[in-house]
Amino acid sequence: TWHLKKIPQIVRERTLSLDNPKFEAKAKLELNSVCGIECQRKLPVPSLSDLKDLLSYETVFENGTRTLTEVNVLGVVLDPAGNATTQRSSRKKRQIYGTDSRFSIYDKRFMTNFPFNTAVKISTGCSGILISPKHVLTAAHCLHNGKDYVKGSKRLRVGLMKTKSRGNGRKRKGTKRNGMPSFQWTRVKSSHIPKGWFKGVSGDIALDYDYAVLELKRPHKRKYMELGISPTIKMMPGSMIHFSGFDNDRSGQLVYRFCSISDESNDLFYQYCDAEPGSTGSGIYLRLKEPNKKKWKRKIIAVYSGHQWVDINGEQQDYNVAVRITPLKYAQICFWIHGNDENCTQG
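Residues numbered from 1 in each chain as written. Predicted model: local features only at pLDDT ≥ 70, side-chain atom pairs only at ≥ 80, totals over all residues. Heavy atoms only, no water.

Brief notes about the packing of aromatic side chains
Aromatic ring pairs: the centre-centre distance and the angle between the two ring planes describe each pair. Throughout the structure, instances matching the rule amount to nine aromatic pairs. Note on Tyr57 and Trp336: the rings are 5.4 Å apart at their centroids and 75 degrees apart in plane angle, and the pair reads as edge-to-face. Within this pair, whereas Tyr57 is found in strand β3 (residues 57–61), its partner Trp336 is found in helix α5 (residues 327–338), the two being separated by 279 residues in sequence. Exposure class is identical for Tyr57 and Trp336. Each is buried. Clustering of aromatic rings is evident, with ring pairs tying together Tyr57, Tyr209, Tyr211, Phe335 and Trp336. Geometry around Trp296 places Arg287 over its ring, the cationic atom sitting 4.6 Å from the centre. (Phe/Tyr/Trp six-rings, centres within 6.5 Å; stacked < 30°, edge-to-face > 60°. Helix = DSSP H or I, 4+ residues; strand = E, 2+ residues; numbered from the N terminus. Buried < 20%, exposed > 50% of the residue type's maximum accessible area, 1.4 Å probe, protein only. Lys NZ or Arg CZ within 6 Å of the ring centre and 35° of its normal.)

With respect to the environment of Pro291
By the secondary structure assignment, Pro291 is in the loop between β16 (283–289) and β17 (296–312). Judged by its relative accessible area of 31%, Pro291 is partly exposed. Remark: the alpha-carbon pair of Pro291 and Trp2, spanning 289 residues in sequence, is separated by 6.2 Å. In this view, Pro291 contacts Thr1 and Trp2; residues no more than four positions away in its chain are not counted. (Contact = heavy atoms within 4.5 Å.)

Observations concerning the nonpolar core
Counting 66 residues, the largest nonpolar core has Leu55, Ile131, Leu137, Val158 and Ile333 as the members making the most contacts within it. Element by element, the count of residues in this core is highest for α5, at eight residues. Among all residues touching Val158, those that are not within four sequence positions of it are Val120, Lys121, Ile122, Val136, Gln184, Trp185, Thr186, Val188, Leu214 and Leu216. Within the second largest apolar cluster, 17 residues are counted, among which are Phe243, Cys259, Phe269 and Ile301. (Core = buried A, V, L, I, M, F, W, Y, C linked by side-chain atoms within 4.5 Å.)

What follows is the structure in C-alpha cells.
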C-alpha cells in the first residue's frame, strides 16, 4: 500500500544570477565512484545547513542564462539511523546479467498507452519520464558532468512518442513500419539541478543528487506518472521495480524491464536490472494499492542513474544504481513542478 507521509517544506529564500555556462562538457553515460554500498552507509547524516546547501538549485534557461536559488528546509526530521536496511541480500557478480531479460515494446497499443507512453527520450542521449503536463524527470548527469553543462544541453529537446494518426486509413503515426517509435520533439524551457550534484562531483560523484527536472516549452496532453515516496525494500511486493527507456544497443526501440532490488542505502537502490547506456534517467516505478481503496496505482519512486563501478573490499564490483525519491527529494521535485510548496504537503 502507498503510505501517505507528511513532507518537509522547501522554501525559496533568494535567487541569484550566475555567469552563463560554457556547455562544453562531454556527456558521460557510465559513472565511476569509489563510494560503494558500505561507504554510502557510513556517510554522516547531513545537518540542516548541509541540506539547505545541497537542495539549493541551479536553473538554466533556453537562452543560456543561469540562476542559483537558495532554499530553506522546514519540518525535516533528521534521523541519525537513516533508513538503511539491516538485512542485506547476497551480492552477485554483474553481467548483462546472464540471459538478457529486457523486453522491446513493438506493439503500438502498448507503446502509446500508460505506463509506457510516459517514457521520453532526451536529446543528449538519455531517457526520462513525464511527471506533469509540462515536466520531465531525468538524471542530472544527462545535463551536467559536475563541473559544466554537457554539449547539446543548451538546446535541449525532449522526444515524446507520437500517438496520432493522420489521413484516412494511412498507417498510424505512433510507430514506423518496423515497429520503432517516432518522436515529437519539444524544446526545453528550463532545467533544474540540485546543488548537491555539483558539490559531490569535485571528489566522489554524489549519486544521491543525480536527478533533474526539465520544464517543457509547450504542455503535452498525455497521461503522466505521479511521484511517490520510495518505500524500503521490505515494503515492496517481491522487492520488484519496473522501468522503460531507450537503450543505445536497441536503437529507437522502447525497452521495458523489471527486476528485484538487491540492496539500498538512505538515498540509493542497488539492483541488477539489465540496462544499457541510453536508459539512464528513466523513471523507476512500483504498483501499489491506494490507501483504503481496492485500486492499484503506479508511481515513480526512483530515477535510474546508471551502471556504476565501486570498490568493495578492495575489489571493483559493478551495480546498476537508482536514486530514491525520499521525502526531501519529493518536496524539491514537487516545488519545481508547482513553483510553491502548498501542493506538496503530502506524498
